[in-house]
There are 2 protein chains.
Amino acid sequence: MRKAAVIGIGQLPVDEHWDLTLVEMAGEAVFAALEDAGRDRVEGLFVGNMLAGQLDKQTQLGAMITDWIGMRGIEAMTVEAACGSGGLAVRTGVMAVASGMMDSVLAVGLEKMTDASTSETTAALATAASANWEGVHGVTFVSLNALIMRRYMHKYGWKHEDFAPFSINAHANGARNPHARFQRPISRDAYLKARMISSPINLMDASPIGDGAAAVLIVPAEEVKGERDRSQITIEGSASATDSLAVHDRYDPLWLAAAEKSARQAYQGAGIGPGEVDFFEVHDAFSIMSALSLEACGFAERGQAPRLALDGEIRPEGRVPITTMGGLKARGHPVGATGVYQIVEVVQQLREQAGEAQIENARVGMAQNIGGSGATVITHILKAG
Amino acid sequence: MRKAAVIGIGQLPVDEHWDLTLVEMAGEAVFAALEDAGRDRVEGLFVGNMLAGQLDKQTQLGAMITDWIGMRGIEAMTVEAACGSGGLAVRTGVMAVASGMMDSVLAVGLEKMTDASTSETTAALATAASANWEGVHGVTFVSLNALIMRRYMHKYGWKHEDFAPFSINAHANGARNPHARFQRPISRDAYLKARMISSPINLMDASPIGDGAAAVLIVPAEEVKGERDRSQITIEGSASATDSLAVHDRYDPLWLAAAEKSARQAYQGAGIGPGEVDFFEVHDAFSIMSALSLEACGFAERGQAPRLALDGEIRPEGRVPITTMGGLKARGHPVGATGVYQIVEVVQQLREQAGEAQIENARVGMAQNIGGSGATVITHILKAG
């Protein structure tokens, strides 16, 4: 099995891109990644997207993009597992390279959400939950996460204010990322006084939607041998796992079994444990998801992730810096694109190209992308050579 | 690169399955494939689906299915390129096995279309075309194919009646397939007098939608070595290619460049040419697509596929039997599932399990699955050992 490396990254700022079509957005990210890699062609393209069929009336994005970027003819497809689609695009690219079938691929995360009305978007996002067991009751995606957070607070004795550090850290980091949707730090007071969305989730617990496109160019690792240190970024661990779609059907609704499983497999692939991870891009769609992800991946004991956050260990200078470029909360969450943004940001950190958001001595970075409320989880571990 | 083999197949008859949910349909096909293969687990699952997000308000089908079939936790994702989704599910399964990352996978084609209204379904299917260049003008998928057929008839001098053999052959073959949506042969008269849908496409030129689920279980070919002849079905060629999404933007709107490219690559993989293919499951969404596919794959000269059909060469006893189990026209076209049905049927023929529809001396079978009006095309060549 051939190991894979990332030699090019590109991203569009997460924003309301009313002036760009879906394919123009993808093009911006792809052209940046190609230029970064010094390549002009690839052999395959995998698109992570969740909502284009529903919100943009467009399926078959692969063919659309390959034509637009001047590569008409090459193999292309969309891969989807709700908000985990981007991570799966990267994972499928890794698989294509590992198989020997392709020597260079693009993984593109793409989502255009702000042209639709809020109610359309909310309904479309709810398809990530179980239509038969959750959607049918009118449960939106926010309220589902609110139920999980409420239960977590009850079981482990945390107050809402104990989750403040997740949001404050994300916005502080996003303020240092020119591609972030929100680039202003927030105060503890702003967190506490934010408008309630679905109790206990307030506006500052929830990540914003947005339009976004990100791309990574993946090749066999043997091609980057001999290059200088920091430019040699290899994918050491890549894994994906599933859990039940409906939250009520899990053995423990407060434990992300798929996050644990995919992280374990990624650690095995990389031959490391959580202690050797220098920073971790968590899927902070909601504060509670950051907590559950940190616990499932072994960075905190069960029920104790808020303690890690309160102790400052998730900040850039802490033991496990998370959401180093703002995360979903501040960089923004263009759902199907998010998993690719995470990998782009990991590469920025490992190359020491993260600017003001740079983590010191970042050699090993991990990213975890979550579909739905934890039903599909993809974990990647990357390393600077 | 490891070669792949198919050791299990399962399918639900294409029908209006109002009594089954999406996941129950998938389960029927998967359980049949597992029983057929004598296995009870796989390591990964790839779902080919186009419309569940739009029509069934459900994304993230992979996690939903793995849980239902008792394999909660294993890797799963949806792959999509409109009506080519099923073929891509098989192709991704082949890639997963080739990479060495997985030793057994299920490719599942799944589509539930008849619970929605006709107008909803028509609008959803139109997302396979270019939203910006075609859909915006109100072009439905049928009318797009009608434009192509009209131009073909004009350029090559064929009359509408010359396409009759495609439909007659499909329905004659479907009558011998208990899983087909339509199981009655049709006469030439019925073809000529059928209701006009979008001139020159009449009801008998167009394939019917339907609810369907099909599954194939794929393992490394080395695992089936030593078994008896007809049960050893290997995937000798697997390829996918793209063309421009919008028809007007092609170099020649009457030439399926992606079909030609993916067929050429599949032939190369299998080390054969069209002359060695014993039967060919074409993507006969419309009569015109059968013609274009046959030409792109080298079975007829440009503009001459209707001649092949009129000479009877596409019938079971002909030189290139096509749609041997009824094709999209008679077996039915549950869009994202179709590509997997094709592979299931190829395996039935190669194993000599096709019953009354059996092609004599079927050793090499080919299937071509088309997304949109030819923007994504997937070709597979399978062989009985």
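Treat the numbers as computed from the prediction; the structure is a model and nothing was measured.

## Structural notes on the overall build of chain A
Next, step 1: Along its length, chain A carries 13 helices and eleven strands.
Next, step 2: Compactness check: chain A gives a C-alpha radius of gyration of 19 Å against a globular reference of 21 Å for 385 residues, within 12% of the reference.
Next, step 3: Per-residue burial for chain A yields a buried fraction of 69% across its 385 residues.
Next, step 4: Excluding contacts between residues fewer than 6 apart, the proportion of contacts in chain A whose partners are at least 24 apart in sequence is 78%.

## Re the confidence of the model for chain A
Next, step 1: Per-residue pLDDT for chain A averages 97, and the proportion of residues at 70 or more is 99%.
Next, step 2: Among the scores for the predicted complex, ipTM is 0.97 and pTM is 0.98.

## Re the environment of N177 of chain A
Residue and element names in this part refer to chain A.
Next, step 1: If you trace the backbone, N177 turns up in the loop between α7 (164-174) and α8 (188-192).
Next, step 2: Of the residues examined, N177 reaches a relative accessible area of 1% and is grouped as buried.
Next, step 3: On a C-alpha basis, the gap between N177 and A300 in space is 27 Å, while along the polypeptide they are 123 residues apart.
Next, step 4: Those residues in contact with N177, other than ones at most four positions away along the chain, are Q183, M325, R331 and E345.
Next, step 5: A polar side-chain atom of N177 sits 2.9 Å from the main-chain carbonyl oxygen of M325.

## Concerning the relation of the copies chain B and chain A
Next, step 1: With an axial shift of 0.0 Å and an RMSD of 0.0 Å, the rotation relating chain B to chain A amounts to 180 degrees. Accordingly, the operation relating the two chain copies is best matched by a two-fold axis. In terms of proximity to the rotation axis, the leading residue of chain B is S99 of chain B, whose C-alpha is 1.7 Å off the axis.
Next, step 2: A shared binding surface is used by both copies, with 100% of the interface residues of chain B retained as interface residues in chain A.

## A closer look at the interface of chain B and chain A
Next, step 1: Facing 57 residues of chain B, the contacting portion of chain A comprises 57 residues.
Next, step 2: Regarding the contact of chain B and chain A, the summed buried area is about 4500 Å², with carbon and sulfur atoms giving 53% of it.
Next, step 3: Three residues stand out in chain B for area buried against chain A, namely Q60, R72 and M95 of chain B, and they jointly supply 17% of the buried area on that side.
Next, step 4: Our count for the chain B to chain A interface comes out at six salt bridges.
Next, step 5: Remark: the boundary between chain B and chain A carries 30 residue pairs in polar contact (both at pLDDT 80 or more).
Next, step 6: Grouping the constituent residues of the side of chain B that touches chain A by class yields 25 nonpolar, 21 polar and eleven charged.

## Some details on the packing of aromatic side chains
Next, step 1: Taken as a whole, this structure holds eight aromatic pairs over all chains when the rule is applied.
Next, step 2: Judged by centre distance (6.3 Å) and plane angle (35 degrees), the ring pair of F163 of chain A and F166 of chain A falls under tilted.
Next, step 3: For F163 of chain A, a relative accessible area of 0% gives the class buried.
Next, step 4: Here a set of aromatic residues connected by ring pairs shows up, and it is made of Y152, Y156, F163 and F166 of chain A.
Next, step 5: We note R72 of chain A situated over the ring of Y251 of chain B; from NZ or CZ to the ring centre the distance is 4.8 Å.
Next, step 6: Looking at R302 of chain B, its charged tip hangs above the ring of W255 of chain B, at a distance of 4.0 Å from the centre.

## Notes on the nonpolar core
Next, step 1: Residues L106, V216 and I218 of chain A together with L106, V216 and I218 of chain B are the most contacted members of the largest nonpolar core, which totals 148 residues.
Next, step 2: With near-sequence residues (within four places) excluded, L106 of chain A lies in contact with V30, A33, V42, G44, L45, F46, I69, M71, A215, V216 and L217 of chain A.
Next, step 3: Within the second largest apolar cluster, 69 residues are counted, among which are M204, A258, V277 and F286 of chain A.

## Points about helix α3 (residues 61-68) of chain B
Next, step 1: Taken across its eight residues, α3 of chain B has seven buried, putting it largely inside the fold.
Next, step 2: With its phi angle positive at about 80 degrees, G70 of chain B sits one or two positions after the end of α3 of chain B.

## Examining the packing of helix α1 (residues 22-37) of chain B against α3 of chain B
The relative placement of two packed helices comes down to the angle between their axes together with the axis-to-axis distance.
All names here are of chain B.
Next, step 1: Axis separation between α1 and α3 bottoms out at 9 Å; the angle between their running directions is 60 degrees. Classed by the angle they form, the pair α1 and α3 counts as oblique. Taken as a pair, α1 and α3 cross one another with a handedness that is right-handed. Contact residues: α1 offers L22, V23, E24, A26, G27 and F31, while α3 offers L61, M64, I65 and W68.
Next, step 2: Split by residue class, the contact of α1 with α3 holds eight nonpolar, one polar and one charged.

## Quick word on the packing of helix α4 (residues 85-99) of chain B against helix α13 (residues 338-350) of chain B
Residues and elements named next belong to chain B.
Next, step 1: At a minimum axis distance of 5 Å, the contact between α4 and α13 shows a crossing angle of 60 degrees. Between α4 and α13, the contacting residues are G86, G87 and V90 on the first element and G339, V340 and I343 on the second.
Next, step 2: For the contact of α4 with α13, the class distribution of residues is three nonpolar, three polar and no charged.

## Here we look at the pattern of salt bridges
Next, step 1: For the structure shown, the criterion picks out 38 salt bridges over all chains.
Next, step 2: Among the salt bridges present, the one from R39 of chain A reaches E223 of chain A, with a minimum N-O distance of 2.7 Å. Residue R39 of chain A is found in the loop between α1 (22-37) and β2 (44-48), and its partner E223 of chain A is found in the loop between β7 (212-220) and β8 (233-242); the two are separated by 184 residues along the sequence.
Next, step 3: Take E223 of chain A: its relative accessible area is 35%, and that puts it in the partly exposed class.
Next, step 4: Through salt bridges that share partners, D67 and R72 of chain A together with D243, D249 and R250 of chain B make up one connected network.

## Things to note about the pairing of strand β1 (residues 4-11) of chain B
Residue and element names in this part refer to chain B.
Next, step 1: Counted residue by residue, β1 has eight buried out of eight residues, so it is predominantly covered.
Next, step 2: Of the pairings in the sheet, the one linking β1 to strand β7 (residues 212-220) comprises seven bridges and is antiparallel in character. Along β7, the bridge assignment pairs V6 with I218.
Next, step 3: Relative to strand β8 (residues 233-242), β1 is paired through three bridges, and the arrangement is antiparallel. Among the inter-strand pairings, A4 is bridged to a residue of β8, identified as I235.

How each quantity is defined
Residues numbered from 1 in each chain as written. Chains lettered and ligands numbered in written order. Predicted model: local features only at pLDDT ≥ 70, side-chain atom pairs only at ≥ 80, totals over all residues. Heavy atoms only, no water. Helix = DSSP H or I, 4+ residues; strand = E, 2+ residues; numbered from the N terminus. Rg over C-alpha atoms; globule rule 2.2 N^0.38 Å. Buried < 20%, exposed > 50% of the residue type's maximum accessible area, 1.4 Å probe, protein only. Contact = heavy atoms within 4.5 Å. pLDDT = per-residue confidence, 0-100. Polar contact = N/O pair within 3.5 Å; in protein donor to acceptor, adjacent residues only side chain to side chain. Least-squares fit on C-alpha atoms with pLDDT ≥ 70 in both. Buried area = accessible area lost by both parts, 1.4 Å probe. Salt bridge = Lys/Arg side-chain N within 4 Å of Asp/Glu carboxyl O. Nonpolar A, V, L, I, M, F, W, Y, C, P; charged D, E, K, R; others polar. Phe/Tyr/Trp six-rings, centres within 6.5 Å; stacked < 30°, edge-to-face > 60°. Lys NZ or Arg CZ within 6 Å of the ring centre and 35° of its normal. Core = buried A, V, L, I, M, F, W, Y, C linked by side-chain atoms within 4.5 Å. Axes fitted to C-alpha atoms, helices over the stretch in contact; angles between N-to-C directions. Parallel < 35°, antiparallel > 145°, perpendicular 65-115°, else oblique. Left-handed = near helix turned anticlockwise from the far one by under 90°. Pairing = 2+ DSSP bridges.

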